[in-house]
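# Observations on the model geometry
Listed here are the chains, written in short residue letters.
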Amino acid sequence: MNIKDDFAILKNRNITYLDSGATTQKPRQVINAINNFYENTNANPHRGAYTLSMDATEVYENTRKKIAKFINAKSSDEIIFSKNASESLNLIAYSYGLDNLNKDDEVVLSIMEHHSNLVPWQFVTKKTGSKLNYMYINDEFEISDEEIESKITEKTKIVGITHVSNVLGTINNIQKIIKYAHKKGAIVVVDGSQSIPHMKIDVQNLDADFFVFSGHKMLSPLGIGVLYGKKEILNKMNPFLMGGDMIEYVYEQETTFATLPNKFEAGTQNVEGVVGLGAAIDYIEKIGYEKIEEIENEVVSYAREELSKLEYIDLYITPNKENHSSVISFNIKGVHPHDTASILDTEGVCVRSGNHCAQPLLRSIGIDSTCRASFYLYNTKEDVDKLISGIEKAYNMFKKYIKL
Amino acid sequence: MDGLDEIYNDLIMEHSMNSYNKKKLDKADYCELGHNPNCGDEISLEVKLNGNIIEDMAFTGHGCAISQASTSIMIDTLKGKTVEEAKEIVKTFIEMIKRETKNEEDLEKLEDAIAFRNISNMPARVKCALLAWHTIEDMLNK
Ligand SMILES: Cc1ncc(COP(=O)(O)O)c(C=O)c1O
Ligand SMILES: [Zn+2]
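Heads up: these notes are all about the structure in this document. (Residues numbered from 1 in each chain as written. Chains lettered and ligands numbered in written order. Predicted model: local features only at pLDDT ≥ 70, side-chain atom pairs only at ≥ 80, totals over all residues. Heavy atoms only, no water.)

### Focus on the site of ligand 1
Residue and element names in this part refer to chain A. Of all residues adjacent to ligand 1, which total 13 residues, the nearest are Ser86, Asp191, Ser214, His216 and Lys217. Between Asp191 and ligand 1, the recorded distance is 2.5 Å, taken from a side-chain N or O atom to a nitrogen atom. Ser193 is positioned with one of its side-chain polar atoms (N or O) 3.3 Å from a nitrogen atom of ligand 1. Compared with its free state, where it exposes 390 Å², ligand 1 has 89% of that area covered by protein. In terms of residue class, the shell around ligand 1 is built from one nonpolar, 10 polar and two charged. (Near = heavy atom within 4 Å. Polar contact = N/O pair within 3.5 Å; in protein donor to acceptor, adjacent residues only side chain to side chain. Areas by Shrake-Rupley, 256 points an atom, 1.4 Å probe, with all protein chains shown as cover. Nonpolar A, V, L, I, M, F, W, Y, C, P; charged D, E, K, R; others polar.)

### A few points about the sheet that holds strand E5 (residues 156–162) of chain A
All names here are of chain A. Pairing is mixed across the open sheet formed by seven strands, whose spatial order is E2-E8-E7-E6-E5-E3-E4. Both edges of this open sheet fall to strand E2 (79–82) and strand E4 (131–135), since each of them pairs with a single strand only. In this sheet, neighbouring strand axes are inclined to one another by 20° on average, regardless of whether the strands run parallel or antiparallel. Where strand E3 (residues 106–110) lies against E5, four bridges are found, and the strand directions are parallel. Counterpart to Leu109 in the pairing with E5 is Gly160. Of the strands in this sheet, E2, strand E7 (210–214) and strand E8 (225–229) touch helix H3 (residues 51–70), which is tilted by about 120° from E2. (Pairing = 2+ DSSP bridges. Helix = DSSP H or I, 4+ residues; strand = E, 2+ residues; numbered from the N terminus. Axes fitted to C-alpha atoms, helices over the stretch in contact; angles between N-to-C directions. Contact = heavy atoms within 4.5 Å.)

### Structural notes on the sheet that holds strand E15 (residues 370–374) of chain A
Whether parallel or antiparallel, the strands of a sheet pair through hydrogen bonds between backbone atoms. Residue and element names in this part refer to chain A. With respect to topology, four strands assemble into an open sheet ordered E11-E12-E15-E14, the strand pairing being antiparallel. The strands lining the two open edges of the sheet, one partner per strand, are strand E11 (313–315) and strand E14 (352–354). Taking the axes of each pair of neighbouring strands and ignoring which way they run, one obtains an average angle of 30° across the sheet. Of the pairings in the sheet, the one linking E14 to E15 comprises three bridges and is antiparallel in character. Bridge pairing links Arg352 to Arg372 in E15. The strands touched by helix H11 (residues 289–308) are E11 and strand E12 (327–332); relative to E12, the strand with the most contacts, the crossing angle is about 15°. This element, helix H14 (residues 381–398), spans E11, E12 and E15 of the sheet and lies at about 20° to E12.

The quantities given are spatial measurements derived from coordinates; they are silent on function.
Structure, rendered in structure tokens:
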């Protein structure tokens, strides 16, 4: 089995793709499923009485069930489709946060949140007069137990935590955070954008109140995301966006809303995205998370080792391998990451450079940007070798000018 | 493609890593901030005028090699020019980067800044090269 063969773009563009943290490439199986949908099943789901529309509805709703099973939700009513993780997080902030936060309540986030799990909370805490507090990282780029226990208090009503940092690759101890937050009476919003592509998620076992992710970071098309929420919480929430299928009866001045999950899905949905996400889940399950972890573990361990040998770079990763996923941020000392990324690009190595939508995190480390290599199941040790030789090339170009 | 050496050449490297124009002026008449959110490039440009002539210029800030070198080289080019001449040079530079002019005679006016003519081969970096020039453009038009 050669996984790379399923991803035509890697060959067509002859690239070393190390930016899966931004978005993954899509396997042929996903692309074909979307094609097949348009050639055989396309209609507006829920809207027509004819067979084709019912077929489209069935594909749509079956994928919802597939996702529920995939993350072990109790019911498929707990799976809401959205555009992406950002929209899911905004939905929670608006429909849960605005209505449940009072003056002097506290929202606690980690400093490593993506702006999408941070800016909406700034908005709702300002609106409600509640406070926004942060859990900071220690010098191992992790959030310690003490930090968790000192920041989550009786006043905390909502905790927002990314399962895996998109900059550091740190795997946060969300089991501990969720348990502790529940003990204090807070609900927990888990941003699973960077975890679910790489590790098995069981929302019941985690006891997460909300869990969000984007399809495009796990082999699916752009523009499809998921919000998981506990049914008893979702039931009590007001809708976020309105119109289309999310209503029951509409009168001139009043409207009653549909039940879950439709209540949170306004307007015609991205059925092609849902179909692609379903095919991506099939693909991941066919290979299996165990295998994915094995591949990534080999490649990422190798990358950690090889990068550690370069004394002229700074690495922003935890020394505790078991707490580190598939993202590695680094800088060549004295060289701006955009220059490094440009030089890597000329070698066909795609890495991201910048602040990775995590400005408060970078500021807390005292830097303004990094180069980031992120790995997925199609990456190999050869990709790491290309990365290393690209970094060496960049360093050699800059070496004689570097002023530290 | 490589062409990297054409872009990261000695001139650009020297200006980006060790610029003598990177300082604060004693007495600046105008100061303008430029920011490229894409890269996080940030510059603060200072200008001292003597009548209609740009008597002195300097910058502070941080960012990628392209943005910092482009700022420093621009300062070398514009110092001593009249405001009108400067506007003309800025316009020519922007046109060169956007590949809207190939007139060699015009391009000569750019002096060392002609070193950036191949930056359009790296579309992701065009904004970096233009940052200082757009910043001075705003300043001169005020
Ligand atoms: C941890 C994390 N959260 C949220 C997001 C936002 O995802 P999207 O842009 O798909 O909404 C990202 C993507 O960059 C991410 O890495
Ligand atoms: Zn730049």
